[in-house]
Amino acid sequence: VNIQKFLLLLLVPFCMNVYSQDMKPIDTIYNPLVKSIYFRQNGEIVIHPIFFVDREKSTLLEFDLIEGSPRNLQYSLYHYDRYWTPSEIEFGEAIQGFEEQEITNFRTSKQTLVPYVHYSLYLPDQQWSFRITGNYLLVVYDREGGLLFTRRLFVTSNSFGIEAKFISPTSAELFRSHIAIDFALKTNQFKIINPVKELSVQIIQNEDFNTRKVLGEPSFFSPNNIHYKSIDGIVFGGMKEYRRKDIRTTVHLTQDIDYWDERDGNFHCWLEHDIVRAHKPYYTETDINGRYICISNDVPEDEVRSDYVMAHFTLNSNTEYDEPIYIYGALTDYQCKEEFRMNYDAVKRAYLGQVLLKNGFYNFMYATKDSDGLISTESMEGNWYETENEYMILCYYRPHGGRYDQLVLASVLNSNR
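Below, the structure is looked at part by part. (Residues numbered from 1 in each chain as written. Predicted model: local features only at pLDDT ≥ 70, side-chain atom pairs only at ≥ 80, totals over all residues. Heavy atoms only, no water.)

### Focus: the side chain of Ser 296
Okay, step 1: Tracing the backbone shows Ser 296 in the loop between strand S24 (292-294) and helix H4 (302-305).
Okay, step 2: Exposure remark for Ser 296: the relative accessible area of 7% places this residue in the buried category.
Okay, step 3: Among the polar contacts made by the side chain of Ser 296, one reaches the main-chain amide nitrogen of Asp 298 at a distance of 3.0 Å. (Helix = DSSP H or I, 4+ residues; strand = E, 2+ residues; numbered from the N terminus. Buried < 20%, exposed > 50% of the residue type's maximum accessible area, 1.4 Å probe, protein only. Polar contact = N/O pair within 3.5 Å; in protein donor to acceptor, adjacent residues only side chain to side chain.)

### Some details on unusual backbone geometry
Okay, step 1: Following Leu 123, the chain continues into Pro 124 via a peptide bond in cis, with omega recorded as -15°.
Okay, step 2: With respect to the helices, strands and loops of the structure, Pro 124 is situated in the loop between strand S9 (117-123) and strand S10 (129-130).
Okay, step 3: Of note, Asn 188 is a non-glycine position whose phi angle comes to about 55°, a positive value.
Okay, step 4: In this fold, Asn 188 is placed in the loop between strand S14 (178-186) and helix H3 (195-198).
Okay, step 5: In the Ramachandran plot, Asp 264 falls in the positive-phi region, its phi being about 50° despite a non-glycine side chain.

### Here we look at the sheet that holds strand S7 (residues 101-103)
Okay, step 1: The strand order across the open sheet built from five strands is S3-S12-S11-S5-S7, with neighbouring strands paired in mixed fashion. Taken across any chain shown, the strands that pair with only one partner, and hence form the sheet edges, are strand S3 (50-52) and S7. The average undirected angle you get between the axes of adjacent strands in this sheet is 35°.
Okay, step 2: Sheet analysis places strand S5 (residues 73-80) next to S7, joined by three bridges and oriented antiparallel. By the bridge assignment, Tyr 75 is partnered in S7 with Gln 101. (Pairing = 2+ DSSP bridges. Axes fitted to C-alpha atoms, helices over the stretch in contact; angles between N-to-C directions.)

### Quick notes on the nonpolar core
Okay, step 1: Phe 63 and Phe 313 are the most contacted members of the largest nonpolar core, which totals 71 residues.
Okay, step 2: Take this core: its biggest share by element is five residues, from strand S29 (residues 360-369).
Okay, step 3: Setting aside residues up to four positions removed in sequence, Phe 63 forms contacts with Val 34, Lys 35, Ser 36, Ile 37, Leu 73, Ile 103, Val 117, His 118, Tyr 119, Leu 121, Val 140 and Phe 149.
Okay, step 4: With 22 residues, the next largest nonpolar core counts Phe 190, Ile 192, Tyr 228 and Phe 236 among its residues. (Core = buried A, V, L, I, M, F, W, Y, C linked by side-chain atoms within 4.5 Å. Contact = heavy atoms within 4.5 Å.)

### Side note on the pairing of strand S18 (residues 225-228)
On a regular strand, one side chain projects to one face of the sheet and the next to the other, so that they alternate.
Okay, step 1: Bridge count between S14 and S18: four bridges; the pairing is antiparallel. Note that in S18 the partner of Lys 186 across the bridge is Asn 225.
Okay, step 2: As judged from the two bridges shared by strand S17 (residues 220-221) and S18, these two strands associate in the antiparallel manner. For Phe 220, the partnering residue across the bridge sits in S18 and is His 227.
Okay, step 3: The turn linking S17 back onto S18 is made up of three residues.

### Things to note about the sheet that holds strand S15 (residues 199-205)
Okay, step 1: Taken together, four strands build an open sheet; the order of strands is S16-S15-S31-S32 and the sheet is antiparallel. Sheet topology places strand S16 (208-214) and strand S32 (406-414) at the edges, where each strand pairs with a single neighbour. Shown here is a sheet whose adjacent strand axes are inclined to one another by a mean of 20°, direction ignored.
Okay, step 2: Two strands pair when backbone bridges link them, and S15 and strand S31 (residues 390-397) are joined in this way by seven bridges, in the antiparallel orientation. The residue of S31 that forms the bridge with Gln 205 is Tyr 391.

### A short note on the environment of Tyr 75
Okay, step 1: Looking at the element boundaries, Tyr 75 is found in strand S5.
Okay, step 2: Once the C-alpha coordinates of Tyr 75 and Glu 102 are considered, the two residues, 27 residues apart in sequence, prove to be 6.5 Å apart.
Okay, step 3: A polar contact is formed between the side chain of Tyr 75 and the side chain of Trp 128, at a distance of 2.8 Å.

### Considerations on the environment of Glu 217
Okay, step 1: Its place among the elements puts Glu 217 in the loop between S16 and S17.
Okay, step 2: Glu 217 sits 191 residues away from Val 408 along the chain, and the two C-alpha atoms are 18 Å apart.
Okay, step 3: The contacts of Glu 217, once residues within four sequence positions are left out, are Val 196 and Tyr 228.

### Let's talk about the pattern of salt bridges
Opposite charge on two side chains permits pairing when their charged atoms draw close.
Okay, step 1: Applying the stated criterion to the full structure yields 26 salt bridges.
Okay, step 2: Linking Lys 35 and Glu 339 is a salt bridge whose minimum nitrogen-to-oxygen distance equals 3.1 Å. Taken together, the residues Lys 35 in strand S1 (residues 34-41) and Glu 339 in the loop between strand S26 (325-328) and strand S27 (341-345) connect sequence positions 304 residues apart.
Okay, step 3: Note on Lys 35: relative accessible area 11%, which makes it buried.
Okay, step 4: On the accessibility criterion, Glu 339 (29% relative accessible area) is partly exposed. (Salt bridge = Lys/Arg side-chain N within 4 Å of Asp/Glu carboxyl O.)

### Digging into the side chain of Glu 388
Okay, step 1: Along the chain, Glu 388 falls in the loop between helix H5 (378-381) and S31.
Okay, step 2: For Glu 388, a relative accessible area of 14% translates into the label buried.
Okay, step 3: Side chain to side chain, Glu 388 and Asn 289 meet in a polar contact 3.0 Å long.
Okay, step 4: Ignoring sequence-local partners within four residues, the contact set of Glu 388 consists of Glu 241, Asp 287, Asn 289, Asn 414, Ser 415 and Asn 416.

### Description of the packing of aromatic side chains
Okay, step 1: Using the criterion set out here, one finds 28 aromatic pairs in the structure.
Okay, step 2: Residues Tyr 38 and Tyr 292 carry aromatic rings whose centres are separated by 6.2 Å and whose planes lie at 90° to one another, so their mutual orientation is edge-to-face. On the criterion of sequence distance, the pair formed by Tyr 38 in strand S1 and Tyr 292 in strand S24 is long-range, its members being 254 residues apart. Each member of the pair, Tyr 38 together with Tyr 292, is buried.
Okay, step 3: Members of the aromatic cluster, joined through ring pairs, are Phe 51, Trp 128, Phe 130 and Tyr 136.
Okay, step 4: A cation over an aromatic ring shows up here: Arg 152 above the ring of Trp 84, its NZ or CZ 5.5 Å from the ring centre.
Okay, step 5: Positioned above the aromatic ring of Phe 236, the side-chain terminus of Lys 213 is 5.0 Å from the ring centre. (Phe/Tyr/Trp six-rings, centres within 6.5 Å; stacked < 30°, edge-to-face > 60°. Lys NZ or Arg CZ within 6 Å of the ring centre and 35° of its normal.)

Here it is as C-alpha cells:
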C-alpha cells in the first residue's frame with residue numbers, strides 16, 4: 001500500500017473533526033510511546049509555533065520514542081482552513097518540496113534506566129519551504145504507516161497590525177476573576193468590505209485550544225481599522241499561575257520532591273502534595289504558562305543522557321469529586337489522557353497518579369472533564385484577574401472568490417506587559 005495514500009485514508013477522517021464547524025474540540029492522535037514533544041523557536045519552548053512565509057528562520061522539533069532502537073520515521077505537512085478542515089489547496093501550491101520527508105537526525109539514550117531514542121528535525125529545512133500562509137498540520141509517522149503524533153503550525157505574513165489592551169470586566173461577578181481584551185486590527189493595504197464574511201478572528205489562551213474563542217461581528221470598522229470591543233470586552237477566565245514540579249535531578253531533592261526511590265529498574269520520585277486552589281487566595285509565582293522544559297542538572301547531553309522517572313502526584317482532598325480529575329497542561333497535549341487521570345484513595349484522602357516524565361521542569365494544572373467532554377480547570381484551580389497569561393490572536397482573511405484562508409496576523413500578547 002502506498003504510504004501516502006494509506007496515511008491520507010487514515011488521517012482525513014480525523015482531520016475533518018479536529019475542530020468541527022460548531023468549534024467543539026476533540027482529542028488529537030496520541031501514541032503512548034511518544035514522549036517529550038516540543039519546539040524550540042528563538043531559544044524558547046513553544047507548543048504551536050508561528051512561522052513567517054517570507055523568512056527562512058528554522059524551528060527545531062524534538063521528541064522521544066520509548067523503545068530501544070530507532071525506526072524509519074517520516075513526516076508530511078497538510079494545509080487547512082480556519083476551522084481545521086482540509087483546504088482546497090494542493091500540496092504543491094502550499095509547499096515547495098517533496099510531500100514526504102525523512103527524519104534522519106536521531107540518537108539513542110546513553111546510560112539511562114529507561115531506553116529511548118531522541119529525534120530532532122528543523123522546520124523548514126533545505127529540502128522544502130512554505131509557499132502560502134494558513135494553518136498546517138504536521139504529521140509524524142513510521143514507514144509502516146503508524147501515526148505517532150500531529151502538531152498544529154501557523155504560517156503567517158503578518159500583513160495586519162494590531163493594537164490591544166487588557167482591561168477589567170465591568171461585571172461585578174467577573175471583576176476579580178476574569179480579564180478582558182479590547183483590540184483593533186490595522187488592515188494596512190487590505191480593503192475589507194465585509195469583515196463578517198471576509199475575516200475570522202480567533203484567540204487562544206496559553207496555547208490551549210480548549211480555550212479558543214472565535215469572535216463574531218466587530219463592534220465597528222472603517223476601511224483600515226476593525227475594532228473588537230464590547231461592554232466587557234472579550235473575556236477569559238484568569239486562572240491561577242500554573243503549578244510547578246522540578247524533577248531536573250535524580251541525585252538530589254528539590255523543593256518539589258519528597259523523596260526518591262528505585263523500583264523495578266526505574267527511578268521513582270514522590271512529589272510534594274498539592275491542594276485544591278479554587279477558593280484559595282491568589283499569590284504571585286513565576287511560571288512558563290503551562291509548558292515544560294526537558295533538562296537535567298546531573299548530566300551533559302541532556303537530550304540522550306537525561307532519564308525518565310516515574311513521578312508520583314498527590315492531590316489532597318477530603319472528598320471525591322463527581323467528575324474525574326486529570327493532570328493537565330502541555331505535558332498532556334492539553335488533553336485529559338487516561339495515563340494522567342488521578343485515582344481517589346479514601347484512606348489517604350487524596351487523589352493519586354503516576355506519570356513517566358523526563359528529567360525537567362514542568363508546569364501543569366488539575367482539570368476536570370464532564371460527561372460532555374468539556375475540560376475545565378476552574379473547580380480545581382479557580383480564577384484570578386492578576387494572573388499572567390499569554391494570548392495568541394489569529395486573523396484569517398479570505399476575499400470574495402478566494403480559495404483558502406490566508407493567515408494575515410498571528411500575534412502573541414502577554415497580559416502583564
